[in-house]
Amino acid sequence: MISPEEGVTTNPDALRVTPEADQVTGRCECCGRISRRVSGTISTEGAAVAAYQVWWTVGHIAEHGAEIDLICGRWGEGSSASDRFVVRLHHFIAASGPWVMVQDASLADGLDRLAARALRRDDIIGTPRAAEVFALYDAIALQDARLAELFGAPAPCGPCGARTERRKLPSRRSCSGARRGRTI
């Protein structure tokens, strides 16, 4: 993601999501179900603006939610980790449906190879960057079919899982910085 001064869109429809890796990362300690991590990139027509990683325990979205790391900044030739930062989102299911909130990020789990800084919640909420972060979230929610389980839909199987599809996702924010995903 480029700074608001450099004109990154806050319109998720102008962002293109490209799903990439999909892997099983282990098993849940409480029930033995698999944990899954998916990743991909987000770009505008002109350039890549972010990469993302989402991980969750399959079948446990209602109890534990999902973690989303957005690695934002300059990508491509001539760029390095010092040109990028990490934003952490926590996706969860509330009584009214799916929501997402900004959390303090870290450079753990190899993110230090991709970015030089981890932003705190206070660096995002109440700033122009918040609209960009939520546009990135909306774009992956709308376009990465592998995330269907996060919104209460059955996860796609087999060859359907890699396909990109657009889904309707109304956006609503509370004063606390949580963002409502989609109502089912």
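A few points on the structure. Just so we're clear, the structure is a prediction, and the values are computed from it rather than from any experiment.

The secondary structure content of the chain amounts to 2 helices and 9 strands. Ordering the α and β elements of the chain from the N terminus gives β-β-β-α-β-β-β-β-α-β-β. In the chain, buried positions account for 47% of the 184 residues. At a minimum sequence separation of 6, the contacts of the chain that also span at least 24 residues come to 52%. Roughly 8900 Å² of accessible area belongs to the chain as shown, and the carbon and sulfur atoms make up 50% of that amount.

What follows deals with the side chain of Glu-67. Relative to the elements of secondary structure, Glu-67 occurs in strand S4 (residues 66-73). A polar side-chain atom of Glu-67 sits 2.7 Å from a polar atom in the side chain of His-90.

On inspection of all chains with the given rule, the structure shows 8 salt bridges. Between Asp-104 and Arg-120 there is a salt bridge; the shortest N-O distance is 3.6 Å. With Asp-104 in the loop between strand S6 (97-103) and strand S7 (117-118) and Arg-120 in the loop between S7 and helix H2 (129-143), this pair connects stretches of sequence that are 16 residues apart. For Asp-104, a relative accessible area of 43% corresponds to the partly exposed category. Close ionic contact of Arg-129 with Glu-132 constitutes a salt bridge, the shortest N to O distance being 3.8 Å. With a gap of 3 residues between them, Arg-129 and Glu-132 both fall in helix H2, about one helical turn apart. What makes Arg-129 buried here is its relative accessible area of 16%. A relative accessible area of 2% means that Glu-132 is categorised as buried. Put simply, Glu-67, Asp-69 and Arg-88 are held in one network by salt bridges that share partners.

The next thing to look at is the environment of Gly-97. Along the chain, Gly-97 falls in strand S6. With 55 residues separating them along the chain, Gly-97 and Gly-152 place their C-alpha atoms 8.8 Å apart.

What follows covers unusual backbone geometry. Here Asp-109, not a glycine, exhibits a phi torsion of approximately 55°, which is positive. Mapped onto the elements of the fold, Asp-109 is located in the loop between S6 and S7. Residue Asp-109 is classed as exposed on the basis of its relative accessible area of 59%.

The next thing to look at is the nonpolar core. Ile-42, Val-54, Leu-70, Val-87 and Leu-89 are the most contacted members of the largest nonpolar core, which totals 33 residues. Contributions of two or more residues to this core are made by strand S2 (34-43), strand S3 (48-57), S4, strand S5 (84-94), S6 and H2. Not counting the four nearest positions on each side in its chain, Val-87 is found in contact with Ile-68, Asp-69, Leu-70, Cys-72, Ala-105, Leu-119, Ile-124 and Val-133.

Moving on to the side chain of Ser-39. Tracing the chain through its elements places Ser-39 in strand S2. Discounting residues that sit within four places of it in the chain, Ser-39 has contacts with Pro-19, Glu-20, Ala-21, Tyr-52, Gln-53 and Arg-146.

What follows covers the packing of aromatic side chains. With the rule as written, the count across this model stands at 0 aromatic pairs. Sitting above the plane of the Trp-55 ring, Arg-37 keeps its charged end 4.9 Å from the centroid. The ring centre of Trp-75 lies 4.0 Å from the NZ or CZ of Arg-84, which sits over that ring.

Further remarks concern the pairing of S2. Burial runs high along S2: 7 of the 10 residues are buried. Two strands pair when backbone bridges link them, and S2 and S3 are joined in this way by 9 bridges, in the antiparallel orientation. Within the sheet, the bridge partner assigned to Arg-36 lies in S3 and is Trp-56. Between S2 and the antiparallel strand that follows it, S3, lie 4 residues.

The rules behind the values
Residues numbered from 1 in each chain as written. Predicted model: local features only at pLDDT ≥ 70, side-chain atom pairs only at ≥ 80, totals over all residues. Heavy atoms only, no water. Helix = DSSP H or I, 4+ residues; strand = E, 2+ residues; numbered from the N terminus. Buried < 20%, exposed > 50% of the residue type's maximum accessible area, 1.4 Å probe, protein only. Contact = heavy atoms within 4.5 Å. Areas by Shrake-Rupley, 256 points an atom, 1.4 Å probe, with all protein chains shown as cover. Polar contact = N/O pair within 3.5 Å; in protein donor to acceptor, adjacent residues only side chain to side chain. Salt bridge = Lys/Arg side-chain N within 4 Å of Asp/Glu carboxyl O. Core = buried A, V, L, I, M, F, W, Y, C linked by side-chain atoms within 4.5 Å. Phe/Tyr/Trp six-rings, centres within 6.5 Å; stacked < 30°, edge-to-face > 60°. Lys NZ or Arg CZ within 6 Å of the ring centre and 35° of its normal. Pairing = 2+ DSSP bridges.

These figures capture arrangement, not role.
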